[in-house]
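Fold and geometry: a report
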There are 2 protein chains.
Amino acid sequence: MHKAPSPVINKLIVFGVGLIGGSCALALKARGAVGEVVGIGRTRANLDDALRGNMIDRAYTLDEDWTQELRNADVVLLAVPVAQMEGLLKRILPVVAKNAVITDAGSTKQDVVAAARCAYSSCSEAAFARFVPAHPIAGTEHSGAAAAFATLYENKHVIVAPLPETDADAVQKVVTMWQTCGAQTLTMPPEQHDRIFAAVSHLPHLLAFALVAELAGRPEAETFFMHAGSGFRDFTRIAGSSPEMWRDIALANRDALLEELDRYQTHLNHMRDELKRDDGAALEARMKRASDARRHWEKVFQSRGRK
Amino acid sequence: MHKAPSPVINKLIVFGVGLIGGSCALALKARGAVGEVVGIGRTRANLDDALRGNMIDRAYTLDEDWTQELRNADVVLLAVPVAQMEGLLKRILPVVAKNAVITDAGSTKQDVVAAARCAYSSCSEAAFARFVPAHPIAGTEHSGAAAAFATLYENKHVIVAPLPETDADAVQKVVTMWQTCGAQTLTMPPEQHDRIFAAVSHLPHLLAFALVAELAGRPEAETFFMHAGSGFRDFTRIAGSSPEMWRDIALANRDALLEELDRYQTHLNHMRDELKRDDGAALEARMKRASDARRHWEKVFQSRGRK
């Protein structure tokens with residue numbers, strides 16, 4: 001954690017001052033790395049939380065007139081659900097400073113790139129080159145400004161997913177912003193990002209939502225929930241996540257997620273067959289492969305200082 | 001947490017001094033609720049851990065002669081994998097004190113009852129009436145005596161699953177033992193136990209094992225694991241559990257688990273169809289049902305002092 005000698009960013013605009021956008025603003029402010037932060041969001045109540053938490057200096061709802069604020073912004077962070085990116089970019093692009101870097105925090109990248117291409121279609125190539133797709137791998141099952149905290153990104157990864165035409169200095173600005181927040185940045189193409197996160201994040205969310213939704217739909221749900229313990233608690237923590245956000249992520253990364261789901265269901269069917277025919281050796285072999293890999297993973301994860 | 005005025009148990013025999021058996025012994029000793037504890041287990045190394053941790057006073061491996069120790073035991077706790085219960089009971093019954101209460105800590109109950117019926121088949125009905133099926137709902141992904149701790153059972157549930165013919169005073173002895181360890185006891189028939197825990201424990205374990213085993217089997221597994229974050233960490237924590245123990249549980253509760261797996265796969269297929277046809281409203285409705293239920297569950301879980 002280092003204190004920046006001069007602000008990394010003079011004026012930051014955060015669209016969507018929730019857990020992700022709010023924590024970024026807080027981390028930059030805590031390190032003196034940002035001159036001023038303007039928050040723009042859907043609801044006044046959440047913006048008031050953000051103002052009270054000193055993560056933003058001024059606040060506007062989306063339907064207020066915030067265009068003047070964008071004329072001298074140097075970084076615009078889009079921390080809104082991925083389905084809202086295109087509409088928002090179309091409102092931002094006509095009024096934002098020419099040199100501003102626009103970046104996002106969406107959990108999927110190919111669809112954000114596609115949305116950006118549409119929104120930028122009437123802009124110059126030079127303008128599009130200042131759009132930097134990115135994804136901070138951080139979050140909790142809570143959302144909103146009230147859930148934000150300055151240390152959210154410490155020892156977390158941020159994936160930066162530039163296109164071949166993206167400006168190197170725009171990428172560097174985004175890399176520096178996230179590193180200042182305490183994160184480690186990694187670069188990969190949007191397709192690779194989406195394939196990897198379909199497997200290690202989007203699929204687990206879908207599976208956890210499915211388990212809890214199925215149980216909750218039973219007449220005797222209360223009895224079942226009453227007996228659930230700490231294994232259930234951890235397995236289903238991510239099922240408490242925002243339905244709107246995860247609906248958007250699932251749809252945005254549909255093809256990669258369907259492919260992962262197919263692989264998973266195939267594997268699960270094998271385990272089902274083994275269980276049905278009492279094949280303890282085969283079941284144990286799969287469980288052992290999982291257990292060994294999970295224990296190894298935990299060690300590596302902790303050794304990287306992640307939690 | 002109360003200090004028992006006189007020992008609840010004079011002599012406790014623990015078969016399998018692992019996380020479950022070792023923590024029970026530690027909790028009783030911490031409250032002065034047990035006169036002496038004898039540990040009997042498979043490996044000398046684990047028994048040495050248990051002796052060093054002061055959870056047992058004397059130790060025997062299974063192939064040593066421990067029969068004398070059982071002649072004046074008042075409680076025998078079977079904390080071994082469920083598949084080993086029958087063989088163990090057959091060795092215990094000819095030598096154990098006539099009035100001893102024998103209880104188990106197995107994660108499934110109908111199969112333990114069936115195993116006990118076989119093992120007790122040449123004994124009197126009065127003897128079988130002193131066998132009390134039970135299941136402490138506690139544990140971590142770690143196992144072995146070294147993982148045991150005295151507060152494991154505080155604010156946890158223990159299910160006691162007596163049969164109609166089980167002695168009331170034997171049940172009471174087991175209830176008192178677990179309550180002294182800090183747990184809350186609940187009574188239900190073995191069938192109900194198995195159906196509930198198939199849904200809230202055994203199925204989540206199977207699903208987590210399947211996810212990690214599938215990923216670990218890919219050539220590019222390292223890349224995927226490297227990018228996994230805290231959602232993956234919690235969702236898969238239980239996949240680090242003991243393969244031997246979970247193989248036994250899955251097989252022991254096979255029918256109930258298969259039924260739960262069918263329900264789950266049906267539900268997951270619905271979500272898959274919704275995803276495939278871009279039906280955001282239907283997906284979001286399921287996710288919202290899950291998210292609302294999970295958030296409500298967390299509040300109730302915490303309000304019961306559980307963690």
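Residues numbered from 1 in each chain as written. Chains lettered and ligands numbered in written order. Predicted model: local features only at pLDDT ≥ 70, side-chain atom pairs only at ≥ 80, totals over all residues. Heavy atoms only, no water.

**Structural notes on the overall build of chain A**
Short version of the rule: A helix here means a DSSP run of H or I that spans at least four residues, while a strand means a run of E at least two residues long, and both kinds are numbered starting from the N terminus. Just to be clear, the radius of gyration here is over C-alpha atoms, and the globule rule we use is 2.2 Å times residues to the power 0.38. Summary of the burial criterion: residues with accessible area below 20% of their type's maximum are buried, those above 50% are exposed, and those between are partly exposed, where the area comes from a 1.4 Å probe applied to protein chains only. Only heavy atoms enter the contact rule, under which two residues are in contact if any of them lie within 4.5 Å. All tallies of charge rest on Lys and Arg as positive and Asp and Glu as negative; His and the ends of each chain are not included. Here the site of a charge means atom NZ of a Lys, CZ of an Arg, CG of an Asp or CD of a Glu.
Counting secondary structure elements, chain A contains 13 helices and nine strands. Taking 2.2 N^0.38 as the reference for a compact globule, 307 residues should give roughly 19 Å; the C-alpha atoms of chain A span a radius of gyration of 21 Å, in line with that estimate. Projected onto its principal axes, the C-alpha positions of chain A cover 70 × 40 × 35 Å. Taking all 307 residues of chain A together, 61% fall into the buried category. Across chain A, the fraction of contacts at a sequence separation of at least 24, relative to all contacts at a separation of at least 6, is 75%. The average position of the 36 basic charges and that of the 37 acidic charges among the side chains of chain A differ by 4 Å.

**Here's the deal with unusual backbone geometry**
Residue and element names in this part refer to chain A. A positive phi angle, near 55°, is found at N54, a position not held by glycine. In this fold, N54 is placed in the loop between α2 (44–52) and β3 (58–61). By relative accessible area, N54 is classed as exposed at 54%.

**What about the sheet that holds strand β2 (residues 34–41) of chain B?**
All names here are of chain B. To keep things clear, this is the line we draw: In this analysis, strands are considered paired if DSSP registers two or more bridges between them.
Here we have six strands laid out as an open sheet, ordered β3-β2-β1-β4-β5-β6, and parallel in their pairing. The sheet is open, and its two edges are formed by β3 (58–61) and β6 (131–132), each paired on a single side. When strand β4 (residues 75–78) meets strand β5 (residues 101–104), the two strands line up parallel, connected through four bridges. Directly across from L78, in β5, lies its bridge partner D104.

**Observations concerning the sheet that holds strand β9 (residues 184–187) of chain A**
Paired through their backbone hydrogen bonds, the strands of a sheet run either parallel or antiparallel. All names here are of chain A. Keep this limit in mind: Axes, fitted as lines to C-alpha atoms, cover a helix only where it is in contact. Angles between the N-to-C directions of the axes lie from 0 to 180 degrees.
The three strands lie next to each other as β7-β8-β9, forming an open sheet whose pairing is mixed. The open sheet terminates on both sides in strands that have one partner only, identified here as β7 (134–137) and β9. Looking at each pair of strands side by side, their axes are set apart by 20° on average, direction ignored. With four bridges joining them, β7 and strand β8 (residues 157–160) adopt antiparallel strand pairing. Bridged to P136 within β8 is V158.

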